[in-house]
Amino acid sequence: MATLTDFIEETRLAARALMEFGGSLFNPTVRLGITGLSRAGKTVLITALVHGLIRGGRFPVFEAQNEGRIVGARLAPQPDDAVPRFDYESHVHALIADRVWPESTRQISELRLIIDYQSKSGAMRELTLDMVDYPGEWLLDLPLLSKSFETWSAESLALSRSEPRAPLAKAWHADLATLDPAAPADEQAAITAARLFTEYLLACRNERYAMSLLPPGRFLLPGDLAGSPALTFAPLDVPADGVPPEGSLWAMMRRRYESYKDVLVRPFFRDHFARLDRQVVLVDALAAFNAGPEAVRDLEGALKSILDCFEIGRRTFVSALLRPRADRILFAATKADHLHPSSHDRLEAILRRMVDRAIARADVGGAGVDVIALSAVRATREAQVRHGGEMLPSIVGVPAAGETAGGRKFDGVAEVAVFPGDLPADPDAVFQPGKAGFRGLASGTPEESDFRFLRFRPPPLEPGGDGPPALPHIRLDRALQFLIGDRLK
Ligand SMILES: Nc1nc2c(ncn2[C@@H]2O[C@H](COP(=O)(O)OP(=O)(O)O)[C@@H](O)[C@H]2O)c(=O)[nH]1
Ligand SMILES: [Mg+2]
């Protein structure tokens with residue numbers, strides 16, 4: 001229901017949107033959102049993209065670059081004073097000088113890049129690219145905006161009773177069975193339920209299960225709100241259309257759930273998500289394959305949820321200026337360099353199948369959607385390795401110090417060749433438990449906590465030819481072309 005405060009808020013936001021729109025007529029700007037669950041590869045992608053644009057990386061599919069029309073690119077102060085700056089310099093230093101992966105961050109950050117280019121007609125132009133890096137966990141919270149506490153509770157419970165989640169939810173379910181929603185509100189009961197529920201979410205996220213759909217996202221990335229009432233609630237077993245008795249535990253949980261949306265979800269939607277022109281969603285599909293078909297189906301559910309976000313705004317806000325305006329959405333499977341190149345197309349086909357299935361059930365409001373398997377920084381090269389009488393399509397790289405495989409521990413210096421396994425040629429195979437070819441990718445015994453995919457060190461810079469040396473990548477140029485190619489005509 002719209003209130004006067006909503007109306008004033010909308011007016012203020014509409015004024016901002018109009019200003020941004022007017023500004024971009026004189027100074028064309030693309031606000032590019034880069035998201036993905038924790039460790040999907042956001043930091044590495046932005047760093048590689050900016051480095052490639054500033055230093056003239058090899059991007060043959062990126063038209064403007066290929067046609068020699070990019071004159072240069074430079075960083076500039078970002079427009080949003082309250083958002084931390086993306087620490088590009090440290091990340092580049094880590095990748096190139098130290099050859100280690102950048103430190104992970106768990107919050108939003110922003111970086112402005114100005115691209116000087118020549119238009120197709122020969123005129124000198126500027127394109128301002130504002131990149132906004134934010135956790136995919138926040139994005140997956142947006143569907144909560146249109147859900148009551150009771151609906152969310154019912155959905156969360158149903159999900160937690162399915163495989164492989166049910167065994168992980170045991171302790172939380174046991175506690176839940178002791179709670180009477182109609183009993184008087186009890187802070188200790190709320191704290192215990194929230195803790196057990198959070199532990200269940202964290203267990204699902206563990207790489208053995210690699211579940212993707214785990215709202216509320218701030219339970220996993222609490223930041224400075226850890227321990228506050230807005231994060232101290234949990235689902236209850238209550239009827240979907242029920243009304244809580246006054247002063248009950250149910251009423252308290254419901255109020256906190258609404259606070260969570262008011263304090264965290266709505267501001268994120270309004271201040272960040274709705275302002276994006278283009279969106280990249282990074283997906284660590286290999287981590288899901290590694291965990292098994294349940295993780296793949298869960299990932300598909302998360303993709304559907306993400307696509308729904310582009311529809312939610314149309315129901316939440318009245319003014320067209322506040323609706324999500326992203327007109328291109330790219331789903332990118334990252335870290336393709338963990339596979340032999342013969343599997344890159346297969347990886348792309350599998351992600352495309354997932355996204356297609358999600359699109360069939362979502363409404364993206366006319367946005368263009370594309371799918372790419374890429375590696376922002378390619379840490380391996382391909383090789384054929386003889387094994388027995390057979391030649392196996394393998395990858396060669398330097399495993400990070402301390403990584404282990406087959407009882408061997410790596411020193412971070414020696415190169416090794418590994419056969420990473422093939423992805424199935426039939427994309428449907430990954431959705432079916434026990435299907436041949438897919439099982440081969442599932443991690444070995446549950447006791448083995450290490451990833452089947454070795455963590456390789458970042459590569460040395462490739463020698464430059466005539467240009468400066470550049471970081472090797474896989475299909476990063478195709479991503480660039482889809483995301484901003486049309487704005488550099
Ligand atoms: N081999 C390889 N590993 C990558 C690549 N991108 C990310 N990674 C790995 O994934 C980890 C997480 O990446 P990061 O960009 O920090 O993820 P974020 O949490 O989404 O920002 C890194 O530390 C690397 O180990 C890539 O292009 N190739
Ligand atoms: Mg990051």
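Here the structure is shown first, and the text comes after it.
To keep things clear, this report deals only with the structure shown in the data block.

Analysis parameters
Once a new chain begins, its residue numbering starts again from 1 and follows that chain's sequence as written. Written order determines the labels here, with chains lettered from A and ligands numbered from 1. Given that the model is predicted, a residue must reach a pLDDT of at least 70 before its local features are reported, and side-chain atom pairs must reach 80 or more before they are shown or counted; all residues, however, enter totals for whole chains, interfaces and linings. Derived side-chain values reflect all non-hydrogen atoms in the structure, with water molecules and hydrogen atoms excluded from consideration. To qualify as a nonpolar core, a set must consist of buried Ala, Val, Leu, Ile, Met, Phe, Trp, Tyr and Cys residues joined through side-chain atoms within 4.5 Å. Remark: exposure states derive from per-residue accessible area (1.4 Å probe, protein chains only) relative to the maximum for the residue type, with buried under 20%, exposed over 50%, and partly exposed in between. Think of it this way: any DSSP run of H or I at least four residues long counts as a helix, any run of E at least two long counts as a strand, and we number them from the N terminus. Note on contacts: a residue pair is in contact if any heavy atoms of the two residues lie within 4.5 Å. Pairing between strands is defined by DSSP: at least two bridges between the two strands are required. Note on geometry: axes are lines fitted to C-alpha atoms, helical ones only across the stretch in contact, with angles between N-to-C directions running from 0 to 180 degrees. Picture the helix axis, draw a direction to every C-beta atom, and the arc is the one those directions span. A pair of aromatic rings is counted whenever rings of Phe, Tyr or Trp (Trp by its six-membered ring) have centres within 6.5 Å, and the orientation is called stacked for planes under 30 degrees apart, edge-to-face for over 60 and tilted otherwise. Charges are assigned to positions over rings by a cutoff of 6 Å between ring centre and Lys NZ or Arg CZ, combined with an angular limit of 35 degrees from the ring normal. Each residue is tested against the molecule or strand, and it is near if at least one of its non-hydrogen atoms lies within 4 Å. Under this definition, polar contacts are N or O atom pairs within 3.5 Å; protein pairs additionally need one hydrogen-donor-capable and one acceptor-capable atom, and for neighbouring residues in sequence, both atoms have to be side-chain atoms. Throughout, the Shrake-Rupley method with a 1.4 Å probe supplies accessible areas, and for residues the shown protein chains are the sole cover considered. Under the scheme applied, nonpolar residues are Ala, Val, Leu, Ile, Met, Phe, Trp, Tyr, Cys and Pro; charged residues are Asp, Glu, Lys and Arg; polar residues are all the others, including Gly.

Overview of the nonpolar core
Nonpolar side chains tend toward joint burial in soluble globular proteins. Ranked by internal contacts, the top residues of the largest apolar core, which has 86 residues, are Phe-273, Phe-289, Phe-331 and Leu-347. Here this core takes 10 residues from helix 10 (residues 249-271), the largest share from any one element. If we skip the residues at most four places from it in the chain, Phe-273 touches Tyr-134, Leu-139, Leu-142, Phe-268, Gln-279, Cys-309, Phe-310 and Pro-324. Of all hydrophobic cores here, the second largest spans 43 residues; its members include Ala-48, Leu-113, Ile-115 and Leu-282.

Structural notes on the sheet that holds strand 12 (residues 416-418)
One open sheet accounts for three strands, arranged 8-9-12; its pairing is antiparallel. At either end of the open sheet lies a strand with only one pairing partner, and these are strand 8 (381-387) and strand 12. When the angles between neighbouring strand axes are averaged without regard to direction, this sheet yields 45°. Pairing of strand 8 with strand 9 (residues 390-397) involves seven bridges; the strand directions are antiparallel. The partner of Val-385 across the bridge, within strand 9, is Leu-392.

Remarks on helix 8 (residues 170-177)
The complete set of buried residues in helix 8 reads Trp-172, Asp-175 and Leu-176. Viewed end-on, helix 8 has its buried residues packed into an arc of 100°, placing them on one side of the element. The exposed residues of helix 8 that point more than 90 degrees off its buried face are Lys-170 and Ala-177.

Focus: the packing of aromatic side chains
Taken as a whole and assessed by the stated rule, the structure comprises 18 aromatic pairs. Relative to Tyr-200, the ring of Phe-197 has its centre 6.1 Å away and its plane inclined at 35°; by these criteria the two rings are tilted. Within this pair, Phe-197 and its partner Tyr-200 are both found in helix 9 (residues 187-205), separated by three residues, close to a single helical turn. Overall, the relative accessible area of 2% leaves Phe-197 in the buried class. Classification of Tyr-200 as buried rests on a relative accessible area of 3%. The residue whose ring lies beneath Arg-218 is Trp-138, and the NZ or CZ to ring-centre distance is 4.0 Å. Between the NZ or CZ atom of Arg-328 and the centre of the ring of Phe-482, over which it lies, the distance is 5.3 Å.

Remarks on the sheet that holds strand 7 (residues 368-373)
Pairing in this open sheet of seven strands is mixed, and the strands run 2-3-4-1-5-6-7 from one edge to the other. Each end of this open sheet is capped by a strand with a single partner; those strands are strand 2 (70-76) and strand 7. Averaged over all neighbouring strand pairs, the angle between strand axes comes to 20°, with direction disregarded. Pairing of strand 1 (residues 29-36) with strand 5 (residues 278-283), which is carried by five bridges, proceeds in the parallel orientation. Following the sheet pairing, Gly-33 is matched in strand 5 by Gln-279. Together, strand 1, strand 2, strand 3 (109-118), strand 4 (124-135) and strand 5 form the strand contacts of helix 2 (residues 42-55), whose direction differs from that of strand 4 by roughly 165°.

Focus: the site of ligand 1
In the vicinity of ligand 1, 17 residues are found, and the nearest of them are Arg-39, Lys-42, Thr-43, Val-44 and Asp-337. One nitrogen or oxygen atom from the main chain of Gly-41 is found 2.9 Å from an oxygen atom belonging to ligand 1. Residue Ala-376 places a main-chain N or O atom 3.2 Å away from an oxygen atom belonging to ligand 1. Coverage of ligand 1 by the protein chains reaches 96% of its 580 Å² of free accessible surface. Here the residues of the shell around ligand 1 sort into seven nonpolar, five polar and five charged.

Let's talk about unusual backbone geometry
Here the amide bond leading from Glu-163 into Pro-164 is cis, since omega sits at -5°, within 30 degrees of zero. Tracing the backbone shows Pro-164 in the loop between helix 6 (149-160) and helix 7 (165-168). Cis geometry is found at the peptide bond from Pro-215 to Pro-216, where omega equals 5°. Counting through the fold element by element, Pro-216 comes out in the loop between helix 9 and helix 10. The backbone of Ala-210 sits at a positive phi, close to 50°, despite the residue not being glycine. For Ala-210, the position within the fold is in the loop between helix 9 and helix 10. With a relative accessible area of 12%, Ala-210 lands in the buried category. With a phi angle near 60°, Arg-475 is a residue other than glycine that sits in the positive phi range. With respect to the helices and strands, Arg-475 occurs in the loop between strand 12 and helix 14 (476-484). Residue Arg-475 is classed as partly exposed on the basis of its relative accessible area, which comes to 21%.

Some remarks on the side chain of Glu-150
Within the fold, Glu-150 resides in helix 6. Engagement of the side chain of Glu-150 in a polar contact is seen with the side chain of Arg-254, the distance being 3.1 Å. Setting aside residues up to four positions removed in sequence, Glu-150 forms contacts with Val-238, Pro-239, Ala-240, Gly-242, Pro-244, Trp-250 and Arg-254.

Observations concerning the environment of Glu-258
Secondary-structure assignment places Glu-258 in helix 10. Relative accessible area serves as the criterion here: at 28%, Glu-258 is assigned to the partly exposed category.

Notes on the environment of Leu-276
Following the sequence through the fold, Leu-276 ends up in the loop between helix 10 and strand 5. Note on Leu-276: relative accessible area 2%, which makes it buried. Linking Leu-276 and Gly-33, residues 243 residues apart in sequence, is a C-alpha distance of 6.0 Å. With sequence-adjacent residues up to four places away left out, Leu-276 is seen in contact with Arg-31, Leu-32, Gly-33, Val-132, Tyr-134, Arg-325 and Ala-326.

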